[in-house]
Amino acid sequence: MPKTLAEVENVSTSNHRDRIEAPVLSNVASTSNDRKGITPNALIEVENVSKSYHRNGLRIPVLEKINLSVPEGEFLALMGPSGSGKSTLLNLIAGIDRPDAGNIIVANDDVTRLSESQMADWRAHHIGFIFQFYNLIPVLTAYENVELPLLLTKLSKKERDEHVKTALSVVGLSDRMKHYPKQLSGGQQQRVAIARAIVADPTLIVADEPTGDLDKVSATEILTLLERLNREFNKSIIMVTHDQRAADKAHTIRHLDKGELQ
Ligand code: ADP
């Protein structure tokens, strides 16, 4: 059975700060309480960002001088027609890709100025990814999939174990740790993917169509979980979605169309 939230918080606030800068869900209390009553700082500043792709010698403009400011603790839904550049913008913010022009500041770092290796470290530290098709490794158990991002950290095996179990209990899958992805339903696989996204306690969760492959009941479960991560654990979330019901769970909805953000 999943641990209670109190147990989860107990585990997550244990003192590992000297070993890893971002223990799992540790900013539950500190960040949320510190910021109470204060105008939230911008976590993300996208300034005049443009991005084109090139295919067969043709330039395909996708984003044109986009500006976006996202406060800390936000749950933002990004909507718009297929091909309007939602995933492109998400990937730029998450440091997966680089813009042609403009700046992207996330958690006080200008992502556009980082080298490739700095960017990989930066992503590991700041970003938790959730994908439409879960992207779990089929030959690894739920536990091993969630542990994967922690293998890049200096955490000991015992500390990793504590973090993985905490993350799996937050998503309600403590009793499925030894299961392989194919032994889990779509909704459960997405919950494992969410545990993997939060296990290193990222600054920002980016979710690209997280309910796109799920039935209605599982989709509602995933959205409820994202809402909870935002509200209780103060996780900032940007979610790309086609689904209006999913977007309705967010605090703010922005529409991207023809390279412009409305
Ligand atoms: P959305 O997420 O809104 O569906 P995308 O950001 O995936 O849109 O894509 C925006 C446009 O950029 C589309 O026309 C797509 O074909 C094109 N595109 C995306 N990624 C690439 C790429 N790596 N190479 C070339 N074109 C791309």
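Residues numbered from 1 in each chain as written. Predicted model: local features only at pLDDT ≥ 70, side-chain atom pairs only at ≥ 80, totals over all residues.

**Student:** Even after reading the chapter, I still don't get the nonpolar core, so can you show me in this structure?
**Tutor:** Side chains of nonpolar character tend, in soluble globular proteins, to be buried together. Core analysis: the biggest nonpolar cluster contains 64 residues, and Ile93, Val146, Ala167, Ala195, Val206 and Met239 have the highest contact counts within it. When residues of this core are assigned to their parent elements, the largest contribution, 7 residues, is made by helix H8 (residues 216–233). Excluding residues that lie within four positions of it along the chain, Ala195 makes contacts with Val146, Ala167, Leu168, Val170, Val171 and Leu173. (Core = buried A, V, L, I, M, F, W, Y, C linked by C-beta atoms within 7 Å. Buried ≥ 20, exposed ≤ 12 C-beta atoms within 10 Å, placed from the backbone. Helix = DSSP H or I, 4+ residues; strand = E, 2+ residues; numbered from the N terminus. Contact = placed C-beta atoms within 7 Å.)

**Student:** Explanation requested: the sheet that holds strand E8 (residues 236–240) in the structure shown.
**Tutor:** Through backbone hydrogen bonds, the strands of a sheet pair up, either in parallel or in antiparallel fashion. Strand order across the open sheet formed by 6 strands is E6-E7-E8-E3-E9-E10, with mixed pairing between neighbours. Every other strand in the sheet has two partners, leaving strand E6 (127–130) and strand E10 (260–261) as the edge strands with one partner each. Judged from the 5 bridges that link them, strand E7 (residues 204–208) and E8 form a sheet pairing that is parallel. Bridge pairing in E8 links Asp208 to Val240. Along the sheet face, helix H3 (residues 86–93) touches strand E3 (75–79), E7, E8 and strand E9 (252–257) and points at about 155° away from the line of E8. Across the sheet, helix H7 (residues 186–198) touches E6 and E7, and the angle it forms with E6 is around 170°. (Pairing = 2+ DSSP bridges. Axes fitted to C-alpha atoms, helices over the stretch in contact; angles between N-to-C directions.)

**Student:** Can you help me understand the pairing of E9 in this one?
**Tutor:** Two faces, one strand: in a regular strand the side chains alternate between the faces of the sheet. In this sheet, E9 lies alongside E3 in parallel orientation, the contact comprising 4 bridges. By the bridge assignment for E9, Ala77 is matched with Ile253. Sheet topology note: the E9/E10 ladder contains 2 bridges and is antiparallel. Opposite Leu256, over in E10, you have Leu261 as the bridge partner. Hairpin connection from E9 to E10: 2 residues lie between these consecutive antiparallel strands, with Lys258 at a positive phi of about 50°.

**Student:** Would you take a moment to explain the site of the ligand for this structure?
**Tutor:** Neighbouring residues of the ligand: Tyr53, Arg55, Ile60, Val62, Gly80, Ser82, Gly83, Ser84, Gly85, Lys86, Ser87 and Thr88. Put simply, the parts of the chain that give the shell around the ligand at least two residues each are strand E1 (42–55), strand E2 (58–71) and H3. The element that contributes the greatest number of residues to the shell around the ligand is H3, accounting for 3 residues. For the shell around the ligand, the residue count by class is 3 nonpolar, 7 polar and 2 charged. (Near = placed C-beta within 6 Å. Nonpolar A, V, L, I, M, F, W, Y, C, P; charged D, E, K, R; others polar.)

**Student:** Where do I start with H8 in this structure?
**Tutor:** Residue pairs three or four apart in sequence face the same way in an α-helix, which turns once every 3.6 residues. Its 18 residues place the ends of H8 25 Å apart at the C-alpha level, agreeing with the 26 Å of an ideal helix rising 1.5 Å per residue. Asn234 lies just past H8 and shows a positive phi near 55°. (Expected span 1.5 Å × (residues − 1).)

**Student:** Looking at this model, I keep getting lost on the packing of H7 against H8. Mind explaining?
**Tutor:** Helix-helix packing is described using two parameters, namely the angle between the two axes and the distance between the axes. It is the contact of H7 with H8, at a shortest axis distance of 9 Å, that shows an interaxial angle of 20°. One element, H7, and the other, H8, form an angle in the roughly parallel class. The two elements H7 and H8 meet at a crossing, and its hand is right-handed. Along its contact with H7, which presents Gly186, Gly187, Gln190, Arg191, Ile194 and Ile198, the element H8 presents Ser218, Glu221, Ile222, Leu225 and Leu229. Here the residues of the contact of H7 with H8 sort into 5 nonpolar, 4 polar and 2 charged. (Parallel < 35°, antiparallel > 145°, perpendicular 65-115°, else oblique. Left-handed = near helix turned anticlockwise from the far one by under 90°.)

**Student:** Where do I start with unusual backbone geometry in this structure?
**Tutor:** Across residues other than glycine, the phi torsion is negative in most instances, and most of the peptide bonds are trans. The phi dihedral of Lys65 is positive, around 45°, even though this residue is not glycine. As for its placement among the helices and strands, Lys65 is situated in strand E2. Looking at Lys65, the number of C-beta atoms within 10 Å reads 13, which means it is partly exposed. Unlike most non-glycine residues, Asn108 shows phi in positive territory, near 70°. Checked against the element boundaries, Asn108 lands in the loop between strand E4 (101–106) and strand E5 (109–110).

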